[in-house]
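Here are the chains, one letter per residue:
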Amino acid sequence: MSTNSTEDYDCSSESTCLLKAELEIALRRISEIEEKLEELDMQIPKKYADVPRLNYLRKKRILVTGGAGFVGSHLVDALMLQGHEVIVVDNFFTGRKQNIAHWIGHENFDLIRHDVINPLFVEVDQIYHLACPASPPHYMQDSVKTIKVNTLGTINMLELAQRVNATILLASTSEVYGDPEEHPQSETYWGNVNPIGPRACYNEGKRAAESLAHVYSQRNNLNIRIARIFNTFGPRMHINDGRVASNFIVQALQERSLTVYGTGNQTRSFMYVSDLVEGLIALMESSYSSPVNIGNPIEFTINEFASIIRQLVGGGSQIDHVEEPQDDPRKRKPDITRARRCLKWEPKVSLIVGLQKTIDYFKREVKMFNLQLSKSANCTSL
């Protein structure tokens, strides 16, 4: 909001100057009212979703690093609704407090603002280690920090798990397969990764994290779980996330051209976030310590995916092809035989149903973004 006084305006007439001064006073009063409403809102007792009361034998203390992020917050919801005590650790680099605000104040919930590259000391039974930027624009923004999160951060969480004898689940990624020469990708495939490419801070960081988890398991008898997560979408993704699902949906809602990198013939497999959460919990509750692919084996080309989103959103968006980024994988499809056999898990939500829920979410986000942009422009013009 502008803080200019009425003396700053070059008034062409007394009436114009008076009108601008009154508008400034009105905007100030609106701001004061908004602040008072926020204060009153904080005083109103919160209503939480119904949470079962578990006895001490069934109730677990569960740490979720990156718990204010897109996937982490949905996982927190599921664990809270099961009746467990949940501790969220997040440095809010990409996570947002609004994603978990509906649990703040609940007796089973704690939030710690903390960067996992520094040691953490808490008492827990399980650790879901999700902390790490997952979209290329975010993890390439500070490559060194991304590597530190995947190495130092993982070591700190493994050390914590060892100290308190907790089971730890590492959220790895399909990016460990790089630009795969095996299709579909099974967990036995070693990958085809450029160790010095622009995506290496994430790809190689996650490969190092898997190696660390395996070493701790072998040498220290630590209970580990490794989930190799494939493309996931759903509500609470960042509006500027940079991943293909959010990019296409936001562009279509704003009736801008859908940006397709390269020919658009490269393939991806898309999983709705609730399926991923079920897979992570199933893996944690299993006794399986080798890597497990968690993804949807139904494959689409990027061109097909763009057309589906354009049809669901409507409007007149065109599809623009731009230069393909370096090391962009040509194919990506999980072999989920291991997940089906060992976890009794497979995705349930269809692409269309998941996309519609995600589009509804982004409609609200885009509307809020446009409203804030408009408000900012009006204040600047004073």
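Keep in mind the model is a prediction, meaning the values are calculated, not measured. (Residues numbered from 1 in each chain as written. Predicted model: local features only at pLDDT ≥ 70, side-chain atom pairs only at ≥ 80, totals over all residues. Heavy atoms only, no water.)

Undergrad: When you look at the packing of helix α4 (residues 143-164) against helix α5 (residues 200-220) in this model, what are you seeing that I'm missing?
TA: Helix packing for two helices is described by the angle between their axes and how far apart those axes are. Direction vectors running N to C along α4 and α5 enclose 15°, while the axes themselves pass 9 Å from each other. Between α4 and α5, the interaxial angle falls into the category roughly parallel. Here the hand of the crossing between α4 and α5 comes out right-handed. On α5, the residues that touch S143, T146, I147, N150, T151, T154, I155, L158, E159 and Q162 of α4 are C201, Y202, G205, K206, A208, A209, L212, A213, Y216 and N220. (Axes fitted to C-alpha atoms, helices over the stretch in contact; angles between N-to-C directions. Helix = DSSP H or I, 4+ residues; strand = E, 2+ residues; numbered from the N terminus. Parallel < 35°, antiparallel > 145°, perpendicular 65-115°, else oblique. Left-handed = near helix turned anticlockwise from the far one by under 90°. Contact = heavy atoms within 4.5 Å.)

Undergrad: Sorry, what's going on with the environment of H238 here?
TA: Tracing the backbone through its elements, the reader meets H238 in the loop between β7 (232-233) and α6 (244-253). Take H238: its relative accessible area is 18%, and that puts it in the buried class. Expressed as a C-alpha distance, the spacing of H238 and H114, which sit 124 residues apart in the sequence, is 21 Å. Dropping the residues within four chain positions of it, H238 is found in contact with T94, R96, H138, S246 and F362. (Buried < 20%, exposed > 50% of the residue type's maximum accessible area, 1.4 Å probe, protein only.)

Undergrad: Please clarify how empty space enclosed by the protein should be interpreted in this entry.
TA: For the coordinates displayed, the defined rule picks out one cavity of 30 Å³ or more. Lining of the largest cavity is provided by H129, T154, L158, I168, L170, A213, I224 and R225. Breaking the lining of the largest cavity down by element, the ones donating at least two residues are α4, β5 (167-173) and β6 (224-229). Partitioned by chemical class, the residues of the lining of the largest cavity number five nonpolar, two polar and one charged. (1 Å grid on protein atoms, 1.4 Å probe; cavity = no way out; pocket = protein on both sides within 12 Å on 5 of 7 lines; lining within 4 Å. Points joined across faces, edges and corners; volume = space filled by probe spheres on them. Nonpolar A, V, L, I, M, F, W, Y, C, P; charged D, E, K, R; others polar.)

Undergrad: What is the right way to look at the pairing of β6 in this model?
TA: With respect to burial, β6 is a largely interior element, six of its six residues being buried. Residues of β6 alternate between two faces, with I224, I226 and R228 on one and R225, A227 and I229 on the opposite face, all of them buried. When β5 meets β6, the two strands line up parallel, connected through six bridges. Residue pairing in the sheet places S172 in a bridge with R228 of β6. In this view, the connection linking β5 to its parallel neighbour β6 by way of α5 has right-handed handedness. The pairing of β6 with strand β11 (residues 291-294) spans four bridges and is classified as parallel. Directly across from I226, in β11, lies its bridge partner P291. (Pairing = 2+ DSSP bridges. Right-handed = clockwise from strand over helix to strand, strands pointing away.)

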